[in-house]
Amino acid sequence: MLAARASSRTIQRVARNFATVVDSAGIKVAAVDNNQPTTSVTFLIKAGSRFEHKAGVAHGLKNFAFKSSAKRTALGTVRESEIYGGVLSASLSREHLALTAEFLRGDEQYFVDVLASFVTSGRFTRHEYAEYVAPVVESEIEESKFNPGFQAIEAAHAVAFHNGLGSSLLASPHNSITHEDIRSFAQSAFTRDNIAVLGTGIDQATLASLVEQSLSKISATSQISSSASSYFGGETRLPAHGGPQTVFVGFGSAGAPTPEIAALSAYLSPTPSVKWSKGSSPIAATIQEGTTVEVVHLSYSDASLFGLLVQGPSGSAVKEAGKAAVQALKTVSNGLKGDDLKKALSKAKFTAASAVDSREGLVSILGSKVLSGHESSLDTTLASFDKVSEITFAKAASTLVKVKPVFVAVGDVATLPYADELGL
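Residues numbered from 1 in each chain as written. Predicted model: local features only at pLDDT ≥ 70, side-chain atom pairs only at ≥ 80, totals over all residues. Heavy atoms only, no water.

(A) Representation of the pattern of salt bridges in the model. In total, this model carries 14 salt bridges according to the counting rule given. The salt bridge partner of Glu421 is Lys319, with a shortest N-O separation of 3.2 Å. Of the two residues, Glu421 sits in the segment after strand E11 (406-411) while Lys319 sits in helix H10 (residues 315-332), which places them 102 residues apart along the sequence. The class for Lys319 is partly exposed, based on a relative accessible area of 26%. The network of salt bridges with common partners includes Lys71, Arg72, Glu80 and Asp113. (Salt bridge = Lys/Arg side-chain N within 4 Å of Asp/Glu carboxyl O. Helix = DSSP H or I, 4+ residues; strand = E, 2+ residues; numbered from the N terminus. Buried < 20%, exposed > 50% of the residue type's maximum accessible area, 1.4 Å probe, protein only.)

(B) Representation of helix H3 (residues 74-84). The complete set of buried residues in H3 reads Ala74, Gly76, Thr77 and Ser81. Along H3, the residues classed as buried sweep out an arc of 155 degrees about the axis, all on the same side. Facing away from the buried side of H3 by more than 90 degrees, the exposed set consists of Arg79, Glu82 and Ile83. In this structure, the buried residues of H3 make contact with strand E4 (87-92), helix H4 (108-121) and helix H5 (126-144). After H3 finishes, the residue Gly85 shows a positive phi value of roughly 80 degrees. (Arc of directions from axis to C-beta. Contact = heavy atoms within 4.5 Å.)

(C) View of the sheet that holds strand E10 (residues 303-312). Strand order in the open sheet formed by 5 strands is E7-E11-E8-E10-E9, with mixed pairing between adjacent strands. The outermost strands of the open sheet, each flanked by one partner alone, are strand E7 (234-239) and strand E9 (292-299). Taking each pair of neighbouring strands and ignoring which way they run, the sheet shows an average axis angle of 15 degrees. The pairing of E9 with E10 spans 8 bridges and is antiparallel. Paired with Thr292 across the two strands is Gln311, which belongs to E10. In the packing of helix H9 (residues 259-268) onto the sheet, contacts are made with E9 and E10, and the angle to E9 comes to roughly 165 degrees. (Pairing = 2+ DSSP bridges. Axes fitted to C-alpha atoms, helices over the stretch in contact; angles between N-to-C directions.)

(D) Quick look at the confidence of the model for the protein. Residues with a pLDDT of 70 or more make up 94% of the protein, whose mean pLDDT is 90. Confidence drops under a pLDDT of 50 for residues 1-17, and excluding neighbours within four residues, the segment shows 15 contacts in the predicted structure. (pLDDT = per-residue confidence, 0-100.)

(E) Representation of the nonpolar core in the model. The biggest cluster of nonpolar side chains holds 52 residues, and the ones touching the most others in it are Phe43, Ile45, Leu61, Leu99, Phe190, Val197 and Leu207. If you tally residues by element for this core, the top one is H4, at 8 residues. Ignoring sequence-local partners within four residues, the contact set of Leu99 consists of Val41, Thr42, Phe43, Ile45, Ala65, Phe66, Ser89, Ala90, Leu115, Phe118 and Val119. Core analysis: the second largest hydrophobic core is formed by 38 residues, Val295, Val318, Ala419 and Leu422 among them. (Core = buried A, V, L, I, M, F, W, Y, C linked by side-chain atoms within 4.5 Å.)

(F) Highlighting the packing of helix H11 (residues 338-354) against helix H13 (residues 378-386). At a minimum axis distance of 10 Å, the contact between H11 and H13 shows a crossing angle of 170 degrees. With respect to H13, the element H11 is oriented roughly antiparallel. Along the contact surface, H11 presents Leu345, Ala348, Lys349, Ala352 and Ala353, while H13 presents Leu378, Thr381, Leu382, Phe385 and Asp386. Counted by class, the contact of H11 with H13 contains 7 nonpolar, 1 polar and 2 charged residues. (Parallel < 35°, antiparallel > 145°, perpendicular 65-115°, else oblique. Nonpolar A, V, L, I, M, F, W, Y, C, P; charged D, E, K, R; others polar.)

(G) A look at the pairing of strand E2 (residues 27-32). Across the 6 residues of E2, 5 count as buried, placing the element largely inside the fold. Examined bridge by bridge, strand E1 (residues 22-24) and E2 share 3 bridges and lie antiparallel to one another. For Ser24, the partnering residue across the bridge sits in E2 and is Ile27. Connecting the antiparallel pair E1 and E2 is a turn made up of 2 residues, with Ala25 showing a positive phi of about 55 degrees. The pairing of E2 with strand E6 (residues 195-200) spans 5 bridges and is classified as parallel. Each residue of the ladder has a partner; that of Ala30, found in E6, is Leu198.

(H) Representation of unusual backbone geometry. If you check the backbone angles, Phe124 has positive phi at about 50 degrees while not being a glycine. Note that Phe124 resides in the loop between H4 and H5. Residue class for Phe124 comes out buried when judged on its relative accessible area of 4%. In this structure, His174 takes a positive phi of about 55 degrees despite not being glycine. The residue His174 is located in the loop between helix H6 (148-161) and helix H7 (179-189) in this model. In this structure His174 comes out as exposed when scored by relative accessible area, which is 84%.

(I) Examining the sheet that holds E2 more closely. The strand order across the open sheet built from 6 strands is E1-E2-E6-E3-E5-E4, with neighbouring strands paired in mixed fashion. With partners counted over all chains shown, the strands left at the sheet margins are E1 and E4, one partner each. The sheet shows a mean angle of 25 degrees between the axes of neighbouring strands, direction not considered.

(J) How the structure looks around the environment of Ala208. Mapped onto the elements, Ala208 comes out in helix H8 (residues 204-215). Spatially, the C-alpha atom of Ala208 lies 8.6 Å from that of Ala25, the residues being 183 residues apart in sequence. Ignoring anything within four residues of it in the chain, the contact list for Ala208 reads Val22, Ser24 and Val29.

Set out below in structure tokens:
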């Protein structure tokens, strides 16, 4: 009981601290400091694939991170960062590019300057693109060919949303992007309106001061845009060799993500709360040996995609698991009552609350809210689940499964099922 209360107080403190967003040089800055010995700083930039002016430039930009700038060469950045014992990384989503530095407390001035230098004075040279960036881009494209789950989710976005959120995270094979294309995209995206700076293990006033020093001269007006998301649905089949046979069954919606669908995802997730247990999810009982069913719930600023990723050793195994999983989904979409709804909401709350224990979780859960100017408190997120009732849950779930589904098959398409064979 005491541990639970202490955990609750910690979550409330983290949420309250991170909820305070300050404006520094026109850039939103937010930080959490729990006196840990390490610090992380993330520049979250609205430069995901949905904002591309040419397919693949966001992927290229991610891999151009920390190359030469006006202040230091790529080799200089590597050597200096190693001397400080820091780690630099870049990640890309459909909406954001995240540039992150993790380091020992006290070295924040150097690492904020490294991040800011790339944003304000990256050189995007032709030789670095040819020698360092393009080979990594090609390697990541090739690696994705052996990951049917990733291929299915990528195809699902294209079918569900067409443009914008439907844009791939990866450049296409044999793409025609150049270093000039990437430089142009960076110049359009690296503006005050498009950047939020998030820190952990650092005082907010200190971080705000460093941001003001480093980014005060950055361009103010964003030149990138993306149309509002629309959901379409549809079906596609992708022949592939290697890896498990894969099917994705999904449903999407335009508009802000809802707590009801997060609760639906939590309830259906076959991941057990007790190790070595099958759990009580209605999907868990449908999983046969050798097959897996994963619940996928992806939320964006103006849309969401929910679905089931079914994988197995053969098309027939995937078909049987898929039919049972779809039937379980349809049953739950009629509504949850009593303890079942309470369990779903508690599990969804725990998932959201536990995410703040990590830097990645903080950036994922609260970062986009800071960038968009919405209230960024975890308390607000958790409170939204308290408003879910049996009526609102049943309405949201039934509405979701009534739309045209997304169906993707990856693998031996001659044996994998079609959508109607799974009861869609």
